[in-house]
Amino acid sequence: MTTLAFDEQGVDVVYEGTEFRLERVLIEDAIQKDYFDVTDHEVLQMVAEDPELGGEPRRIGDIVDG
C-alpha cells in the first residue's frame, strides 16, 4: 500500500514500508506542470510501478487548501 501526505512544499510518501519525501521542484520537473496543478494520481504513478488508481484524481492545490 502507498500513502501520500501532501503539503505546500512536497509529498511525504510511504511505499512498501519505505518512507521518503518528494520535493515540490522534483515533482514539477518530472510532470512538467505547476505543483498545485499536479494530481494525486500523477504523483502515485511516479512512485508505484502499477498503482491502483481509485476514484477521481484530485489536484494538489485542492488537497492542500483542504
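Residues numbered from 1 in each chain as written. Predicted model: local features only at pLDDT ≥ 70, side-chain atom pairs only at ≥ 80, totals over all residues. Heavy atoms only, no water.

Draft legend 1. View of the nonpolar core. By size, the foremost hydrophobic cluster in this structure holds eleven residues: Phe-6, Val-11, Val-13, Leu-22, Ile-27, Ile-31, Tyr-35, Val-38, Val-43, Val-47 and Ile-60. Counting only elements with at least two residues in this core, the list comes to β2 (10–15), α1 (24–31) and α2 (40–47). Here Val-13 is in contact with Thr-2, Thr-3, Leu-4, Thr-18, Glu-19, Phe-20, Leu-22 and Val-47, once residues within four sequence places are set aside. (Core = buried A, V, L, I, M, F, W, Y, C linked by side-chain atoms within 4.5 Å. Buried < 20%, exposed > 50% of the residue type's maximum accessible area, 1.4 Å probe, protein only. Helix = DSSP H or I, 4+ residues; strand = E, 2+ residues; numbered from the N terminus. Contact = heavy atoms within 4.5 Å.)

Draft legend 2. How the structure looks around the pairing of β2. Note that strand β1 (residues 2–7) and β2 share six bridges and pair antiparallel. Looking at the pairing, Thr-2 lines up with Tyr-15 of β2. Count of turn residues in the β1/β2 antiparallel hairpin: two residues. Here β2 pairs with strand β3 (residues 18–23) via six bridges, running antiparallel. For Val-11, the partnering residue across the bridge sits in β3 and is Leu-22. Linkage of β2 to β3, two consecutive antiparallel strands, is achieved through a turn of two residues, within which Glu-16 is found at a positive phi near 50°. (Pairing = 2+ DSSP bridges.)

Draft legend 3. Quick peek at the pattern of salt bridges. Under the counting rule described, the total for this entry stands at seven salt bridges. The partner of Arg-21 in a salt bridge is Asp-7, with the nearest N and O atoms 2.9 Å apart. Of the two residues, Arg-21 sits in strand β3 while Asp-7 sits in strand β1, which places them 14 residues apart along the sequence. The partly exposed category is assigned to Arg-21, whose relative accessible area is 30%. (Salt bridge = Lys/Arg side-chain N within 4 Å of Asp/Glu carboxyl O.)

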